Amino acid sequence: MKYYLSSYRIGQHGDKLIDLSNGGPLAYIPNALDHIPAKEHSENKKRNIQDLLDIGVKAELLDLKDFFGALNKLQEVLSKFNGVWVTGGNTFVLRQAMRLSGFDEIINLFQDSSFLYGGYSAGICVLAPNLDGIRVVDDHKQFPYPEIKEPIWEGLDILNYIILPHYRSDHPESADIEKDVERCKQLKIPFKTLKDGDVFYGEDIRTIKRVVELIR
(Lines give C-alpha, C1' and ligand atoms only; values in the text may rest on other atoms or scores of the structure.)
Protein backbone atom coordinates (compact mmCIF):
# COMPACT_ATOMS: atom_id res chain seq x y z
CA MET A 1 0.00 0.00 0.00
CA LYS A 2 1.14 3.52 -0.75
CA TYR A 3 0.99 6.45 1.65
CA TYR A 4 0.59 10.21 1.45
CA LEU A 5 0.29 11.60 4.98
CA SER A 6 -0.10 15.37 5.21
CA SER A 7 -0.35 17.63 8.23
CA TYR A 8 -2.99 19.90 6.70
CA ARG A 9 -4.93 19.58 3.46
CA ILE A 10 -2.83 18.70 0.38
CA GLY A 11 0.44 20.08 1.71
CA GLN A 12 3.50 21.01 -0.35
CA HIS A 13 3.87 17.82 -2.38
CA GLY A 14 0.75 17.63 -4.49
CA ASP A 15 2.81 16.30 -7.38
CA LYS A 16 3.61 13.21 -5.30
CA LEU A 17 -0.06 12.73 -4.49
CA ILE A 18 -0.83 12.77 -8.22
CA ASP A 19 1.87 10.17 -8.87
CA LEU A 20 0.95 7.89 -5.97
CA SER A 21 -2.76 7.96 -6.83
CA ASN A 22 -2.28 7.86 -10.62
CA GLY A 23 -4.65 10.83 -10.70
CA GLY A 24 -7.38 8.95 -8.83
CA PRO A 25 -10.13 8.27 -8.45
CA LEU A 26 -9.85 8.49 -4.69
CA ALA A 27 -12.63 7.76 -2.24
CA TYR A 28 -12.94 10.90 -0.14
CA ILE A 29 -13.86 9.96 3.46
CA PRO A 30 -15.19 12.95 5.48
CA ASN A 31 -16.37 11.23 8.66
CA ALA A 32 -13.94 12.88 11.09
CA LEU A 33 -16.37 15.83 11.01
CA ASP A 34 -19.61 13.94 11.60
CA HIS A 35 -20.02 15.70 14.96
CA ILE A 36 -20.23 19.25 13.55
CA PRO A 37 -23.30 21.09 12.16
CA ALA A 38 -24.53 19.85 8.79
CA LYS A 39 -23.98 23.14 6.92
CA GLU A 40 -20.36 23.42 8.08
CA HIS A 41 -19.79 19.75 7.28
CA SER A 42 -21.14 20.23 3.76
CA GLU A 43 -18.85 23.21 3.15
CA ASN A 44 -15.84 21.20 4.32
CA LYS A 45 -16.71 18.33 2.00
CA LYS A 46 -16.92 20.62 -0.99
CA ARG A 47 -13.60 22.29 -0.10
CA ASN A 48 -11.75 19.00 0.35
CA ILE A 49 -12.95 17.53 -2.92
CA GLN A 50 -12.06 20.78 -4.68
CA ASP A 51 -8.56 20.64 -3.18
CA LEU A 52 -8.01 17.34 -4.95
CA LEU A 53 -9.60 18.44 -8.21
CA ASP A 54 -7.45 21.58 -8.23
CA ILE A 55 -4.26 19.50 -8.46
CA GLY A 56 -5.74 17.08 -10.99
CA VAL A 57 -6.81 14.19 -8.75
CA LYS A 58 -10.30 12.79 -9.26
CA ALA A 59 -12.27 12.14 -6.10
CA GLU A 60 -15.72 10.92 -5.10
CA LEU A 61 -17.45 11.21 -1.74
CA LEU A 62 -17.59 7.98 0.23
CA ASP A 63 -19.51 8.38 3.48
CA LEU A 64 -18.72 5.54 5.87
CA LYS A 65 -22.16 5.96 7.49
CA ASP A 66 -23.64 4.45 4.34
CA PHE A 67 -21.77 1.24 5.12
CA PHE A 68 -22.38 0.78 8.83
CA GLY A 69 -22.91 -2.95 9.26
CA ALA A 70 -22.13 -3.62 5.57
CA LEU A 71 -18.47 -4.61 5.53
CA ASN A 72 -18.64 -6.70 2.36
CA LYS A 73 -20.31 -3.89 0.45
CA LEU A 74 -17.67 -1.39 1.54
CA GLN A 75 -14.87 -3.69 0.42
CA GLU A 76 -16.47 -4.03 -3.00
CA VAL A 77 -16.86 -0.26 -3.38
CA LEU A 78 -13.32 0.55 -2.20
CA SER A 79 -11.83 -1.90 -4.69
CA LYS A 80 -13.09 0.37 -7.49
CA PHE A 81 -10.87 3.24 -6.32
CA ASN A 82 -7.13 3.87 -6.52
CA GLY A 83 -7.13 4.78 -2.86
CA VAL A 84 -8.70 6.87 -0.13
CA TRP A 85 -8.37 10.47 1.02
CA VAL A 86 -9.23 10.64 4.72
CA THR A 87 -9.51 14.19 5.99
CA GLY A 88 -9.28 16.01 9.29
CA GLY A 89 -11.57 16.65 12.21
CA ASN A 90 -11.89 14.54 15.34
CA THR A 91 -9.73 11.41 15.36
CA PHE A 92 -12.01 9.61 17.80
CA VAL A 93 -15.12 10.26 15.71
CA LEU A 94 -13.31 9.00 12.61
CA ARG A 95 -12.23 5.87 14.47
CA GLN A 96 -15.82 5.15 15.47
CA ALA A 97 -16.96 5.41 11.84
CA MET A 98 -14.15 3.09 10.77
CA ARG A 99 -15.21 0.52 13.35
CA LEU A 100 -18.92 0.63 12.50
CA SER A 101 -18.32 0.33 8.75
CA GLY A 102 -15.60 -2.29 8.99
CA PHE A 103 -13.08 0.03 7.31
CA ASP A 104 -10.56 -0.81 10.05
CA GLU A 105 -10.58 -4.44 8.90
CA ILE A 106 -10.88 -3.85 5.18
CA ILE A 107 -7.90 -1.50 4.90
CA ASN A 108 -5.59 -4.35 5.92
CA LEU A 109 -6.70 -6.31 2.85
CA PHE A 110 -5.03 -3.68 0.65
CA GLN A 111 -1.63 -3.85 2.34
CA ASP A 112 0.02 -5.83 -0.47
CA SER A 113 -1.48 -3.77 -3.29
CA SER A 114 -0.85 -0.40 -4.95
CA PHE A 115 -3.83 1.09 -3.09
CA LEU A 116 -3.14 4.57 -1.66
CA TYR A 117 -3.91 5.64 1.89
CA GLY A 118 -3.83 9.42 1.83
CA GLY A 119 -5.14 12.09 4.13
CA TYR A 120 -4.37 14.70 6.71
CA SER A 121 -4.78 15.57 10.40
CA ALA A 122 -7.24 13.10 11.98
CA GLY A 123 -6.95 10.99 8.83
CA ILE A 124 -3.30 10.26 9.65
CA CYS A 125 -3.51 10.27 13.47
CA VAL A 126 -5.81 7.25 13.28
CA LEU A 127 -3.00 5.12 11.80
CA ALA A 128 -1.36 4.89 15.25
CA PRO A 129 -1.43 1.80 17.50
CA ASN A 130 -3.30 3.79 20.14
CA LEU A 131 -5.01 7.19 20.16
CA ASP A 132 -4.06 8.23 23.69
CA GLY A 133 -1.40 10.53 22.26
CA ILE A 134 -3.98 12.87 20.67
CA ARG A 135 -6.40 13.23 23.57
CA VAL A 136 -5.61 16.90 24.35
CA VAL A 137 -6.32 18.29 20.89
CA ASP A 138 -9.25 15.95 20.11
CA ASP A 139 -12.27 15.46 22.36
CA HIS A 140 -12.63 11.72 22.97
CA LYS A 141 -16.13 12.22 24.40
CA GLN A 142 -17.78 13.02 21.06
CA PHE A 143 -20.32 10.31 20.16
CA PRO A 144 -22.26 11.21 17.00
CA TYR A 145 -23.35 7.61 16.37
CA PRO A 146 -25.89 5.95 18.70
CA GLU A 147 -24.16 2.58 18.33
CA ILE A 148 -21.09 3.73 20.29
CA LYS A 149 -21.08 5.19 23.80
CA GLU A 150 -17.42 4.81 24.80
CA PRO A 151 -14.24 6.07 23.10
CA ILE A 152 -12.24 3.65 20.99
CA TRP A 153 -8.62 4.01 22.00
CA GLU A 154 -7.15 1.49 19.57
CA GLY A 155 -5.91 3.01 16.33
CA LEU A 156 -5.56 1.18 13.02
CA ASP A 157 -2.08 0.03 14.11
CA ILE A 158 -0.59 0.58 10.66
CA LEU A 159 2.17 2.80 12.06
CA ASN A 160 4.07 2.00 15.26
CA TYR A 161 3.85 5.62 16.43
CA ILE A 162 1.33 8.46 16.32
CA ILE A 163 1.75 11.42 13.98
CA LEU A 164 0.98 14.76 15.66
CA PRO A 165 0.04 17.26 12.91
CA HIS A 166 -0.09 21.10 12.95
CA TYR A 167 3.13 21.18 14.99
CA ARG A 168 4.38 24.75 15.47
CA SER A 169 2.19 25.93 12.61
CA ASP A 170 -0.25 28.76 12.01
CA HIS A 171 -3.18 26.56 12.97
CA PRO A 172 -5.74 26.94 15.80
CA GLU A 173 -4.84 23.49 17.15
CA SER A 174 -1.07 24.05 17.28
CA ALA A 175 -1.04 25.07 20.96
CA ASP A 176 -2.87 21.89 21.99
CA ILE A 177 -0.57 19.82 19.81
CA GLU A 178 2.33 21.17 21.88
CA LYS A 179 0.55 19.83 24.96
CA ASP A 180 0.09 16.44 23.30
CA VAL A 181 3.79 16.41 22.39
CA GLU A 182 4.75 17.00 26.03
CA ARG A 183 2.26 14.40 27.19
CA CYS A 184 3.65 11.83 24.75
CA LYS A 185 7.16 12.53 26.02
CA GLN A 186 6.09 12.11 29.64
CA LEU A 187 4.18 8.88 28.99
CA LYS A 188 6.77 7.55 26.51
CA ILE A 189 4.21 7.30 23.71
CA PRO A 190 6.09 6.99 20.37
CA PHE A 191 5.30 9.97 18.12
CA LYS A 192 6.45 12.05 15.17
CA THR A 193 5.47 15.65 14.48
CA LEU A 194 4.45 17.24 11.19
CA LYS A 195 4.24 20.96 10.43
CA ASP A 196 1.49 22.21 8.15
CA GLY A 197 2.70 21.92 4.58
CA ASP A 198 4.88 18.90 5.36
CA VAL A 199 4.09 15.38 4.17
CA PHE A 200 5.32 11.82 4.73
CA TYR A 201 4.91 9.85 1.50
CA GLY A 202 6.14 6.57 0.11
CA GLU A 203 5.47 3.44 -1.89
CA ASP A 204 5.01 1.25 1.18
CA ILE A 205 5.06 1.41 4.96
CA ARG A 206 8.76 0.60 5.12
CA THR A 207 9.46 3.74 3.10
CA ILE A 208 7.41 5.82 5.51
CA LYS A 209 9.33 4.43 8.45
CA ARG A 210 12.64 5.26 6.75
CA VAL A 211 11.47 8.79 6.05
CA VAL A 212 10.60 9.44 9.68
CA GLU A 213 13.87 7.93 10.86
CA LEU A 214 15.73 10.40 8.65
CA ILE A 215 13.93 13.39 10.18
CA ARG A 216 14.17 12.20 13.80
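Figured I'd write up the structure that's included with this text. Fair warning: this is a prediction, and the values are worked out from it, not measured in the lab.

### Brief notes about the environment of P190
Turning to step 1, where the next piece is worked out: Structurally, the position occupied by P190 is in the loop between α7 (174–187) and β7 (191–193).
Turning to step 2, where the next piece is worked out: Apart from residues lying up to four places away in sequence, P190 is in contact with N160, Y161 and I162.

### Some words on the pattern of salt bridges
Turning to step 1, where the next piece is worked out: Under the defined criterion, the tally for this structure stands at 10 salt bridges.
Turning to step 2, where the next piece is worked out: For the salt bridge of D104 with R95, the shortest nitrogen-to-oxygen distance reads 3.0 Å.
Turning to step 3, where the next piece is worked out: The exposure class of D104 is buried, given its relative accessible area of 12%.
Turning to step 4, where the next piece is worked out: For R95, a relative accessible area of 4% corresponds to the buried category.
Turning to step 5, where the next piece is worked out: Of the charged contacts in the structure, one is a salt bridge between D104 and R99, with a shortest N-O distance of 3.6 Å.
Turning to step 6, where the next piece is worked out: We classify R99 as partly exposed; its relative accessible area is 41%.
Turning to step 7, where the next piece is worked out: Several salt bridges share partner residues, and in doing so they unite D34, D63 and K65 into one network.

### Focus: the pairing of strand β5 (residues 116–120)
A regular strand places its side chains so that they alternate between the two faces of the sheet.
Turning to step 1, where the next piece is worked out: Burial analysis of β5 places five of its five residues in the buried class, which makes it a mostly covered element.
Turning to step 2, where the next piece is worked out: Of the two faces of β5, the one lined by L116, G118 and Y120 and the one lined by Y117 and G119 are each fully buried.
Turning to step 3, where the next piece is worked out: Relative to β5, strand β4 (residues 83–86) runs parallel, the two being bridged by four bridges. The residue bridging G83 from the neighbouring strand is L116, located in β5.

### What to know about the side chain of Q96
Turning to step 1, where the next piece is worked out: Structurally, the position occupied by Q96 is in helix α4 (residues 91–101).
Turning to step 2, where the next piece is worked out: Assessed through its relative accessible area of 0%, Q96 is described here as buried.
Turning to step 3, where the next piece is worked out: At a separation of 2.9 Å, a polar atom in the side chain of Q96 contacts the main-chain carbonyl oxygen of Q142.
Turning to step 4, where the next piece is worked out: Apart from the residues lying within four places of it in its own chain, the contact partners of Q96 are Q142, F143, P144, Y145, I148 and I152.

### A few points about the sheet that holds strand β1 (residues 2–6)
Turning to step 1, where the next piece is worked out: Ordered by their spatial adjacency, six strands build an open sheet running β3-β2-β4-β5-β1-β8, and the pairing between neighbours is mixed. In this open sheet, the two edge strands, each paired with only one partner strand, are β3 (59–61) and β8 (199–202). Adjacent strand axes in the sheet meet at a mean angle of 15° when their direction is disregarded.
Turning to step 2, where the next piece is worked out: Contacting β2 (26–29), β3, β4 and β5, helix α2 (residues 38–54) crosses the sheet at an angle of about 165° to β3.

### Concerning unusual backbone geometry
Turning to step 1, where the next piece is worked out: Between G24 and the following residue, P25, the backbone shows a cis peptide bond with an omega angle of 10°.
Turning to step 2, where the next piece is worked out: Relative to the helices and strands, P25 is located in the loop between α1 (14–21) and β2.
Turning to step 3, where the next piece is worked out: Even without glycine at this site, D157 takes up a positive phi of about 60°.
Turning to step 4, where the next piece is worked out: Looking at where D157 falls in the secondary structure, it is placed in the loop between α6 (122–125) and β6 (162–164).
Turning to step 5, where the next piece is worked out: Residues other than glycine seldom take positive phi values, yet R168 does so here, at roughly 45°.

### Points about the packing of aromatic side chains
Turning to step 1, where the next piece is worked out: All chains considered together, the criterion is met by six aromatic pairs.
Turning to step 2, where the next piece is worked out: Pairing F68 with Y145 gives two aromatic rings, centres 5.2 Å apart and planes at 90°, and the pair type is edge-to-face. Of this pair, F68 sits in the loop between β3 and α3 (71–78) while Y145 sits in the loop between α6 and β6, placing them 77 residues apart in sequence.
Turning to step 3, where the next piece is worked out: Judged by relative accessible area, F68 falls into the partly exposed class, the value being 22%.
Turning to step 4, where the next piece is worked out: The buried category is assigned to Y145, whose relative accessible area is 3%.
Turning to step 5, where the next piece is worked out: Judged by centre distance (4.1 Å) and plane angle (25°), the rings of F110 and F115 are stacked.
Turning to step 6, where the next piece is worked out: An aromatic cluster is present here, built from Y4, Y8, W85 and Y120 joined pairwise through their rings.

Conventions and cut-offs
- Residues numbered from 1 in each chain as written.
- Predicted model: local features only at pLDDT ≥ 70, side-chain atom pairs only at ≥ 80, totals over all residues.
- Heavy atoms only, no water.
- Helix = DSSP H or I, 4+ residues; strand = E, 2+ residues; numbered from the N terminus.
- Contact = heavy atoms within 4.5 Å.
- Salt bridge = Lys/Arg side-chain N within 4 Å of Asp/Glu carboxyl O.
- Buried < 20%, exposed > 50% of the residue type's maximum accessible area, 1.4 Å probe, protein only.
- Pairing = 2+ DSSP bridges.
- Polar contact = N/O pair within 3.5 Å; in protein donor to acceptor, adjacent residues only side chain to side chain.
- Axes fitted to C-alpha atoms, helices over the stretch in contact; angles between N-to-C directions.
- Phe/Tyr/Trp six-rings, centres within 6.5 Å; stacked < 30°, edge-to-face > 60°.

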